[in-house]
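Structural characterization, general
If you want the building blocks of each chain, they are given just below.
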Amino acid sequence: MSALWAAGEAETATGGKAQGAWDVTGISIDTRTIEQGDLFVALKGDNRDGHDFVVSAIEAGAGAALVSDLSERLTEKAPLLVVEDTLKGLEALGRAARARSKARIVAVTGSAGKTTTKEMLRLALLNQGEVAASAASYNNHWGVPLSLARMARDASHGVFEIGMNHEGEIRALVSQVRPHIAIVTTIAPAHLEHFGTLEAIADAKAEIFEGVEPGGTVILPLDNPQFVRLAEKARKCGVTNILSFGVGEDADARLLNAKTLGEKQIISAKIRGTRIEFAIGAVGAHIASNAMAVLLAIDALGCDLEQAAQALSGFVPLKGRGVRVLLGDIELIDESYNANPASMAAALGLLKAANVGSGGRRIAVLGDMLELGAGGPALHPAMDDDIRENDVDLVFLCGPQMRALWEVLSAGCRGAYAEDSLLLKNSFLSQLRAGDIVLVKGSFGSRMTVIIEALKTRAAVEAV
């Protein structure tokens with residue numbers, strides 16, 4: 001494997017001081033997953049300091065360590081890159097990787113669907129050159145520079161996810177990524193606690209346009225009420241190539257039809273005038289919408305559209321984002337990663353599309369949607385419409401904010417309510433029966449994984 005970074009090059013990039021002659025083939029911030037030849041970056045967090053693990057990282061096979069503090073246990077022969085601040089050092093490596101790369105870069109942001117869209121795009125590009133992409137949901141102040149710094153020298157494409165909780169975060173990150181194409185998946189009520197309005201969220205997401213390379217392209221959701229606002233923001237940033245995706249006739253990537261077939265969708269679309277049909281290995285209207293953005297980006301990159309579309313048949317839902325698992329006599333739809341009103345509606349749509357077994361029911365186990373600010377109390381009971389429209393038979397709710405939804409639910413679909421997922425668990429399990437399909441969703445802080453683990457334990461016990 002060719003070197004990702006050599007000591008002298010990394011020293012120049014960061015302004016630090018290299019100790020020893022070394023080169024590394026990867027970068028890690030976690031000794032639990034470190035691989036032979038990695039550069040271990042000793043980041044300082046609120047609860048943990050990576051410098052406490054430098055020695056164990058080198059013992060585990062790290063090729064070198066990026067540090068700001070020298071441990072007494074480190075010898076003068078230890079392979080190191082010493083900088084004033086390790087996060088800034090990582091950012092410097094990321095910027096240097098971007099500067100030396102000839103790859104065409106795509107950046108993805110939005111209120112929902114960022115990671116799914118990024119993974120679809122990575123998959124669609126795999127057979128069209130070397131692809132560098134953010135791992136997992138590495139979209140924050142350390143995840144973005146880490147992903148950039150890992151970009152291979154000979155990568156032909158890069159796909160990076162950019163997230164935010166506050167104003168100015170995307171601006172800081174996109175200046176590092178400098179994409180040729182920027183995708184906004186959707187604007188929805190997420191992080192309302194920090195922004196107050198959808199318009200403010202759109203403005204914060206629009207910061208991504210500030211980093212688009214000259215002559216670059218922006219891809220926007222035509223069906224979203226914030227489309228015009230986003231397009232105007234893009235133009236003010238000097239972007240003239242503005243493309244759209246959606247179901248409307250004017251969309252550059254127009255979804256014509258999506259038919260569910262088991263755990264796949266057969267999709268018909270028109271991408272800038274080219275009619276295309278393909279299968280994708282996940283269901284839901286949000287998945288089909290994300291696929292339109294992906295194929296529009298493929299076309300804007302000048303890559304093979306047909307080849308990319310066919311590659312999407314290999315896409316499967318990501319962990320906590322619609323993964324379907326058979327657990328004994330019930331089926332689980334795991335949407336436990338996070339939640340906002342838009343993603344809740346999409347997940348309930350998945351539940352409606354699922355084929356229920358003989359005697360089974362559609363069951364939703366939902367936890368609080370967090371970071372919605374003052375609008376949170378009203379947004380939770382408003383979900384009653386989505387529950388009725390998606391033919392949910394039984395609803396279990398947990399969390400202080402979900403009490404408002406519980407109070408408006410029709411008596412016929414009430415399962416149980418509890419203050420938290422742990423207290424809900426036994427009431428929920430006691431009402432399950434063979435053939436049920438169970439959707440589990442809530443914000444990360446709602447700890448819906450408690451319900452997921454309870455279902456797995458139930459299945460394991462019954463299998464004995």
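Each remark here, short or long, concerns the structure printed above.
It should be emphasised that the depicted structure is a prediction, and the values quoted were computed from it without experimental measurement. (Residues numbered from 1 in each chain as written. Predicted model: local features only at pLDDT ≥ 70, side-chain atom pairs only at ≥ 80, totals over all residues. Heavy atoms only, no water.)

**Focus on helix α6 (residues 169-177)**
Since the α-helix packs 3.6 residues into each turn, any two residues three or four apart lie on the same face. Note the following rule: The rule is simple: take the accessible area with a 1.4 Å probe, protein chains only, and divide by the maximum for that residue type; under 20% is buried, over 50% is exposed, in between is partly exposed. Helical segments are the DSSP runs of H or I of at least four residues, strand segments are the runs of E of at least two, and each set is numbered from the N terminus. As used here, the arc belongs to the directions running from the helix axis to the C-beta atoms. Contacts are residue-level and defined by heavy atoms, with any inter-residue pair within 4.5 Å sufficient.
For α6, the complete set of buried residues consists of Ile170, Leu173, Val174, Gln176 and Val177. Projected onto a plane normal to the axis of α6, the buried residues spread over an arc of 150° and lie on a single side. In this structure, the buried residues of α6 make contact with α3 (86-100), β8 (104-109), α5 (143-149), β10 (157-161) and α8 (198-205). Two residues or fewer past α6, Arg178 is found with a positive phi of approximately 45°.

**So, the environment of Thr197**
In this structure, Thr197 sits in the loop between α7 (192-195) and α8. Taking the C-alpha atoms as reference, Thr197 lies 9.8 Å from Gly373; in sequence the two are 176 residues apart.

**Thoughts on the sheet that holds strand β21 (residues 414-418)**
Counted only if it meets this: Strands were regarded as paired on the criterion that DSSP finds at least two bridges between them. Lines are fitted to the C-alpha atoms to define the axes, a helix being fitted only along its stretch in contact, and any angle between axes, read from their N-to-C directions, falls within 0 to 180 degrees.
The strand order across the open sheet built from 6 strands is β17-β18-β22-β19-β20-β21, with neighbouring strands paired in mixed fashion. Among the strands making up the open sheet, the edge pair consists of β17 (323-327) and β21. Direction aside, neighbouring strands of the sheet carry axes that sit 15° apart on average. Sheet topology places strand β20 (residues 394-398) next to β21; 4 bridges connect them, and they run parallel. If you follow Cys398 over to β21, its bridge partner there is Ala418. Against the sheet, helix α16 (residues 421-430) touches β19 (362-367), β20, β21 and β22 (437-441), its axis set at about 155° to β20. Along the sheet, helix α17 (residues 449-463) contacts β17, β18 (330-335), β19 and β22; its crossing angle with β18, the most-contacted strand, is approximately 155°.

**Here's the deal with the pairing of β19**
Counting buried residues in β19 gives 6 out of 6 residues, a clear majority hidden from the surface. Of the two faces of β19, both are covered, the one formed by Arg362, Ala364 and Leu366 as well as the one formed by Ile363, Val365 and Gly367. Note that β19 and β22 share 5 bridges and pair parallel. Counted as the bridge partner of Arg362 is Ile437 from β22.

**Quick look at the packing of α3 against α6**
As a reminder, the rule being used: Any angle that is under 35 degrees is reported as roughly parallel, and any over 145 degrees as roughly antiparallel; angles of 65 to 115 degrees are reported as roughly perpendicular and all others as oblique. Under the grouping applied here, Gly and all other residues not named as nonpolar or charged are polar, the nonpolar ones being Ala, Val, Leu, Ile, Met, Phe, Trp, Tyr, Cys and Pro and the charged ones Asp, Glu, Lys and Arg.
Between α3 and α6, whose axes approach to 8 Å, the crossing angle comes to 45°. Between α3 and α6, the interaxial angle falls into the category oblique. In this structure, α3 contributes Glu91, Arg95 and Arg98 to the contact, and α6 contributes Ala172, Ser175, Gln176 and Val177. Residues that form the contact of α3 with α6 fall into these classes: 2 nonpolar, 2 polar and 3 charged.

**A short note on unusual backbone geometry**
Non-glycine residue Glu371 carries a positive phi angle of around 60°. Mapped onto the fold, Glu371 is located in the loop between β19 and α13 (376-379). Even without being a glycine, Asp391 presents a positive backbone phi close to 55°. Relative to the helices and strands, Asp391 resides in the loop between α14 (384-389) and β20.

**With respect to the pairing of β10**
Of all 5 residues making up β10, 5 are buried, and the element is well covered by its neighbours. Alternating positions in β10 separate into two faces, His157, Val159 and Glu161 on one and Gly158 and Phe160 on the other, with burial throughout. Across 5 bridges, the pairing between β8 and β10 is parallel. Looking at β10, one finds that Ala107 is bridged to Phe160. Bridging between strand β9 (residues 131-133) and β10 involves 3 bridges; their strand directions are parallel. What sits directly across from Ala132, in β10, is Gly158.

**What about the packing of aromatic side chains?**
Note on aromatic pairs: each is described by the distance of the centres and the angle between the planes. Inclusion rule: The pairing test for Phe, Tyr and Trp rings, Trp by its six-membered ring, is centres within 6.5 Å, and the orientation test on the planes gives stacked under 30 degrees, edge-to-face over 60, and tilted for anything in between. Counting as a charge over the ring demands two things of the Lys NZ or Arg CZ atom: a distance within 6 Å of the ring centre and an angle within 35 degrees of the ring normal.
The final tally for this structure, using the stated rule, is 3 aromatic pairs. Note on Tyr138 and Trp142: the rings are 5.0 Å apart at their centroids and 65° apart in plane angle, and the pair reads as edge-to-face. By relative accessible area, Trp142 is classed as partly exposed at 24%. Taken together, a centroid distance of 5.2 Å and an interplanar angle of 75° make the contact between Phe396 and Phe428 edge-to-face. Residue Phe396 is found in strand β20, and its partner Phe428 is found in helix α16; the two are separated by 32 residues along the sequence. With a relative accessible area of 0%, Phe428 lands in the buried category. We note Arg414 situated over the ring of Trp406; from NZ or CZ to the ring centre the distance is 4.9 Å.

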